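# Structural characterization, general
Chain residues, written in single-letter form:
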Amino acid sequence: DFMNNFIFFLQGLTQPKRDRFKSAPCSCRRREALSMSTVIKVLQNICYCLLRNSLNEMSSLRVSLRFLICLKSFILVMHLISHSFLFLGFNTAKGQLVRSILYPKPTDFKLYRDAYWFLLSLVVVAGIGFIYTIVNSILNEVPAHTIVIESLDIITITVPPALPAAMTAGIVYAQRRLKKIGIFCISPQRINICGQLNLVCFDKTGTLTEDGLDLWGIQRVENARFLLPEERACSESLLKSEFIACMATCHSLTKIEGVLSGDPLDLKMFEAIGWILEEATEEETALHNRIMPTVVRPSKQLFPESKQATNQEMELFELSTSYEIGIVRQFPFSSVLQRMCVIARILGEKRMDAYMKGAPEVIASLCKQETVPADFESVLEEYTKQGFRVIALAHRKLESKLTWHKVQTINRDAIESNMDFMGLIIMQNKLKQETPAVLEDLHKANIRTVMVTGDNMLTAISVARDCGMILPQDKVIIAEALPPKDGQAARINWHYADTLARCTSSSPAINSEDIPVKLVHESLEDLQMTKYHFAMNGKSFAVILEHFQDLVPKLVLHGTVFARMAPDQKTQLVEALQNVDYYVGMCGDGANDCGALKRAHGGISLSELEASVASPFTSRTPSISCVPKLIREGRAALITSFCVFKFMALYSIIQYISVTLLYSILSNLGDHQFLFIDLAIILVVVFTMSLNPAWKELVARRPPSGLISGPLLCSVLSQIIICLGFQTFGFLWVRQQPWFERWTPESDACNILDATNISSAHDGNETLDDEHNIKNYENTTLFFISSFQYLIVAIVFSKGKPFRQPCYKNCKSFLSIYILNARFNYFISVVITSGNFFSQLVCVPYEWRLRILIIVIVNAIVSVLMEEAVDRRGVCLLSSLFGYREKAPKAKYMHLAQELLVDPEWPPKPRTTTEAKVPSQENGSYQIITLT
């Protein structure tokens, strides 16, 4: 069985998947399949030989033992091989991405940590009640079995078992509301965390900008000089040019069910030239006994039609049918290398051609310097500053000795060198219509926005300015980090994006107005709105992480644009932001965003493809308008969790107070009373108070992140004191009434019952009730006061604005509380007169019923006023009552922002260099040197 499963596993690994590898070179697929099939045949032959030899010599016991030993050794080797496969697979680039998705680092949330401490405090309270119950029962000579039951009962009352279900209800309702607005969630616990987001990272292409790219134009190079930009690439004069051949072949497009599919950029580029792509069918491959290459050729529509078929026109049409290019091998695009390359052959040509496209800076570095225009950097900067996406093309004529078979085994580095620079493709990527408005809403809510993209840095800065991520008056500081080289330490060169083009070696002077100004804000939440932003590319980010770790917190505090970022670098950036205590959200739509989407506190995918597998949230609408909606729902769910938690805590404490007071007179609440409180009051209130929808807009204030905070503790403690005071007051006051006496079946405090009739009518039932001393005036008084207190704290804790809609808009909750209140009033005024409410309430005079209502009304007024005072001046109340002082902010980024406000050397000045120090030095790891 093991061998069969293992061979099946190898076959599954080596079986080429048509959809996945359709765009890959066919020869590569065949070679891989043949080599792996050879391995499988060898394994099968080994198993066959072992079994055959053992069966032929099974008569000998020694041979049988040898066979078992060999078989066991072979199985052990197979296990090692399978583990090696898994180990190697998880250590590839895609394997590491899958591993980060399957086993992400746990996200710690203060609410869940504080919940354990809060429950632990309830356990302490329950322990106090446990000890009190035992001591009081022993002093009153209560039987041992009754002491055990009542002492354990006080623990179950104090620690509510329904708390997890009540907390889950609010998350489930929030998940349902998200589904209605087109946001799907696979990790419901992340909804609460989204309520704390104060920084959101955005991918650029397809997220902030439109999904599709439009070809703005091309700019070819001849004789190391740029020609004028051309709007159309499908002109007749460029048909057989190497520039168009590169656009036609250097891509990863394939046909799926007859439809051209692939990367959107490749699609736009291929559609712009109007060529046709043809792939060999399985029948053609089987017929020729070899895998046929993908072929591209120009369409007939590229040539002008004429009414009379002249010889010249016939030649053109013959050209269109005979001019074909076959893609011999493809080196796919790598986000690390930032380029792709193909080897192609024109029909009829003996020598093959290599075509390469990718990031302009990378392509230029791989080309002959004499073919790169002298003004390459200035032209590229001009395009990128206008927000265009620029792709560079290069070509190389391969040697004639390179045959088909040698091309299949040649190294990529041997091809991608000494290329001839051919020019630029300029793609226009427009902002989505809703992007500026959404970013403005996030800025008003004091939520930082960061761009993380694989595009050019100047393009990213231009888009950041266009969408409002960087305001027009803000300064952008570019951090260009260089790794150690030739004995020199790593260093960071600081440039200002606005003055980068103007600064020359002859004019090093910098205007003082270009130096950013530090702003002091009243609120620490506004510190991220200072007037300077850092921008860097992926290479600089990697150098800074390795050699300038002390600078990382300072840079991410004001870092806004991160360009040319690889997938793993996006994840590292999210982790760096989380290390300074930001609650990070990530919004992207590509497979390269998967790691960051999974690592962020709240990742939301705008695509239903690869990114949706890793992301906790997926939006049906491919727009960042889902981000503020998710944050609003997260804040509403978080406040709901706080409200439910506080209500359940008060519910336990209120019932704990009632039972403790009744234990003092050897009484308790009856079973029917417990059931009525738990089923008719608590469950109805808990599952309806969680239905409040989110507030209609984001506000600058964020909800608290944990239960252990000044306002929340003050709110809970104040309500506990109020409930304790009014219950104790009612318990003692009823005992001071002139009609009060120890209740017996013959008691007639209402003066309406015939003691004789009652005694005869209930003679068989009173023995059971008197055994637990349930029916008494104290029980009835505390039951009604506590029942109203449940409703009072439910109303008090049902917070509305600014995170949730007002409680009166929650019709179900409002209606349930109104019905319960009406029922209690009915019980007091009517049912209590008959003394037959579940046979556990007793009749009290009408005047005492009115006094109970007065106690409840005063309790409600005091509770509402106290909660309002706590909301407005909770910290001041704690300061005046307990000498509590407001501590410095705990978030690391706030501490760091305060330190940087008084740091004279930050931000770095223009044209300065930060150099890494020798690791042996103790004080600091970098120093600032001003270049002259």
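Above this note sits the structure.
Parameters and conventions
- Going along each chain's sequence as written, the residues are numbered from 1 onward.
- For this predicted model, a pLDDT threshold of at least 70 governs which residues receive local features, and a threshold of 80 or more governs which side-chain atom pairs are given and counted, while totals over whole chains, interfaces and linings are taken from all residues.
- For the side-chain quantities, the full set of heavy atoms in the structure was used; hydrogens and water were omitted.
- Note on conventions: DSSP H or I runs of at least 4 residues are helices, E runs of at least 2 residues are strands, and numbering of each starts at the N terminus.
- Summary of the burial criterion: residues with accessible area below 20% of their type's maximum are buried, those above 50% are exposed, and those between are partly exposed, where the area comes from a 1.4 Å probe applied to protein chains only.
- Surface accessibility follows the Shrake-Rupley procedure with a 1.4 Å probe radius. Residue values consider only the protein chains on display as shielding.
- Here, the term nonpolar core denotes a set of buried Ala, Val, Leu, Ile, Met, Phe, Trp, Tyr and Cys residues that are joined through side-chain atoms within 4.5 Å.
- Here the axes come from fitting lines to C-alpha atoms, over the contacting stretch only for helices, and the angles between their N-to-C directions go from 0 to 180 degrees.
- Throughout, the term roughly parallel applies to angles under 35 degrees, roughly antiparallel to angles over 145, roughly perpendicular to angles from 65 to 115, and oblique to all others.
- By convention, the crossing between two helices is left-handed when the near helix turns anticlockwise from the far helix through less than a right angle, and right-handed when the turn is clockwise.
- Contact between two residues is taken to exist if any of their heavy atoms lie within 4.5 Å; hydrogens are not considered.
- Each residue is assigned to one class: nonpolar for Ala, Val, Leu, Ile, Met, Phe, Trp, Tyr, Cys and Pro, charged for Asp, Glu, Lys and Arg, and polar for all the others, Gly among them.
- For two strands to be treated as a pair, DSSP must find no fewer than two bridges joining them.
- Criterion for a disulfide: a pair of cysteine sulfur atoms at a distance within 2.5 Å.
- Distance and chemistry together define a polar contact, namely a pair of N or O atoms within 3.5 Å, with one atom able to donate a hydrogen and the other to accept it when in protein, and with adjacent residues in sequence counting only for side-chain atoms on both sides.
- By convention, a crossover is right-handed whenever its connection, traced from the first strand over the helix to the second and viewed with the strands pointing away, goes clockwise.
- Any pair of Phe, Tyr and Trp rings, taking the six-membered ring for Trp, is counted once the centres come within 6.5 Å. Such a pair is stacked with planes under 30 degrees apart, edge-to-face with planes over 60 apart, and tilted for the rest.
- Grouping into patches uses exposed residues only, defined as over 30% relative accessible area, and leaves out salt-bridged ones; the cut-off is 9 Å for like charges and 5 Å for nonpolar side chains (Val, Leu, Ile, Met, Phe, Trp, Tyr).
- Criterion for a salt bridge: a side-chain nitrogen of Lys or Arg within 4 Å of a carboxyl oxygen of Asp or Glu.
- An expected span of 1.5 Å times one less than the residue number is assigned to each helix.

A few words now on the overall build of the protein chain. Across its full length, the protein chain carries 34 helices and 23 strands. Sorting the 932 residues of the protein chain into buried and exposed places 49% on the buried side. By element, 58% of the accessible surface of the protein chain is carried by carbon and sulfur atoms, the whole surface being about 46,100 Å².

Where a protein is soluble and globular, its nonpolar side chains tend to be buried together. F647, M648, I677, I681, I682 and V685 are the most contacted members of the largest nonpolar core, which has 72 residues in total. Of the residues forming this core, the biggest block, 19 residues, is contributed by helix α26 (residues 626-663). Counting 45 residues, the second-largest nonpolar core is a separate cluster that includes I183, C185, I470 and A535.

The peptide bond linking W906 to P907 adopts the cis configuration, its omega dihedral lying at 5 degrees. Looking at the element boundaries, P907 is found in the loop between α34 (892-901) and β22 (912-916). The backbone phi angle of N418 is positive, close to 55 degrees, even though this residue is not glycine.

Bringing the packing of helix α21 (residues 538-547) against helix α23 (residues 567-579) into the picture now. One way to put it is that α21 packs onto α23 with a least axis distance of 11 Å and a crossing angle of 50 degrees. In terms of their interaxial angle, α21 and α23 are classed as oblique. Regarding α21 and α23, the two cross each other, and that crossing is left-handed. From α21, G538, K539, F541, A542 and L545 reach across to α23, where they touch Q569, Q572 and L573. Here the contact of α21 with α23 is composed, by residue class, of 4 nonpolar, 3 polar and 1 charged.

Before going further, it helps to spend a moment on the sheet that holds strand β8 (residues 294-298). Taking strand neighbours across the sheet as the criterion, the 9 strands line up as β4-β3-β13-β12-β11-β10-β9-β8-β7 in an open arrangement whose pairing is antiparallel. Each edge of the open sheet is held by one strand with a lone partner, namely β4 (225-226) and β7 (275-278). In the sheet, strand β3 (residues 214-222) pairs with β4 via 2 bridges, with the strands oriented antiparallel. Residue pairing in the sheet places E222 in a bridge with R225 of β4. The strands touched by helix α11 (residues 242-249) are β3, β7, β8, β9 (325-334), β10 (339-346), β11 (353-358), β12 (389-397) and β13 (420-428); relative to β13, the strand with the most contacts, the crossing angle is about 60 degrees.

Between helix α6 (residues 110-139) and helix α7 (residues 144-158), the shortest axis-to-axis distance is 8 Å and the interhelical angle comes to 160 degrees. Considering the angle they form, α6 stands roughly antiparallel to α7. Taken as a pair, α6 and α7 cross one another with a handedness that is right-handed. Two secondary-structure elements touch here, α6 through L122, V125, A126, G129, F130, T133, I134, S137 and I138 and α7 through I147, E150, S151, L152, I154, I155 and T158.

What follows is about the state of the cysteines. Counting across every chain of the model gives 0 disulfides. Cysteine C194 shares no disulfide, and the gap to the nearest cysteine sulfur, in C185, comes to 7.9 Å. The class of C194 is buried, set by a relative accessible area of 0%.

Examined against the element boundaries, S619 turns out to sit in strand β21 (residues 617-619). A relative accessible area of 3% places S619 in the buried class. Within the local environment of S619, its side chain forms a polar contact with the backbone oxygen of T621, the two atoms lying 2.8 Å apart. What S619 contacts, discounting residues up to four positions off in sequence, is G182, I183, I604, S605, L606 and C626.

Now for the pairing of strand β20 (residues 602-605). In β20, alternate side chains face the same way, and those of G602 and I604 on one face and G603 and S605 on the other are all buried. In this fold, the crossover linking strand β19 (residues 584-588) to β20 by way of helix α24 (residues 594-599) has right-handed handedness. Across 2 bridges, the pairing between β20 and β21 is parallel. Looking at β21, one finds that I604 is bridged to F617.

What follows concerns the packing of aromatic side chains. Counted according to the given criterion, the structure contains 18 aromatic pairs. Look at W739 and W848: their rings are 6.3 Å apart centre to centre, the planes differ by 65 degrees, and that puts the pair in the edge-to-face class. With W739 in the loop between α28 (710-734) and α29 (755-761) and W848 in helix α33 (residues 846-882), the pair connects residues that are 109 residues apart, well separated along the chain. Given the relative accessible area of 1%, W848 is considered buried. Ring centres 5.5 Å apart and planes at 75 degrees place the aromatic pair F783 and F784 in the edge-to-face group. One exposure class covers both F783 and F784, and it is buried.

Another aspect to go through is a nonpolar patch on the surface. Residues W117, L120, V123, V124, I128, I708, L713 and L717 make up a contiguous nonpolar surface patch of about 750 Å² in total accessible area. Going through the elements one at a time, α6 and α28 are the ones with two or more residues in the nonpolar patch. With 5 residues, α6 is the single largest residue contributor to the nonpolar patch.

Let us now look at α23. Between its first and last C-alpha atoms α23 spans 19 Å; for 13 residues at 1.5 Å apiece the expected length is 18 Å, and the two agree. Within α23 the residues assigned to the buried category are Q569, K570, T571, L573, V574, E575, A576, L577 and Q578. D581, located one to two residues past α23, shows a positive phi value of around 75 degrees.

Evaluation of the coordinates by the stated rule reveals 21 salt bridges. Between K646 and E867 there is a salt bridge, with the nearest N and O atoms lying 3.8 Å from each other. Within this pair, whereas K646 is found in helix α26, its partner E867 is found in helix α33, the two being separated by 221 residues in sequence. Each member of the pair, K646 as well as E867, carries the same accessibility label: buried. A salt bridge links E778 to R735, with the shortest nitrogen-to-oxygen separation between them at 2.7 Å. Taken as a pair, E778 in helix α31 (residues 777-797) and R735 in the loop between α28 and α29 lie far apart in primary sequence, 43 residues in all.

Moving on, we come to the environment of I128. Structurally, I128 is set in helix α6. As a C-alpha pair, I128 and I155 span 27 residues in sequence and 9.5 Å in three-dimensional space.

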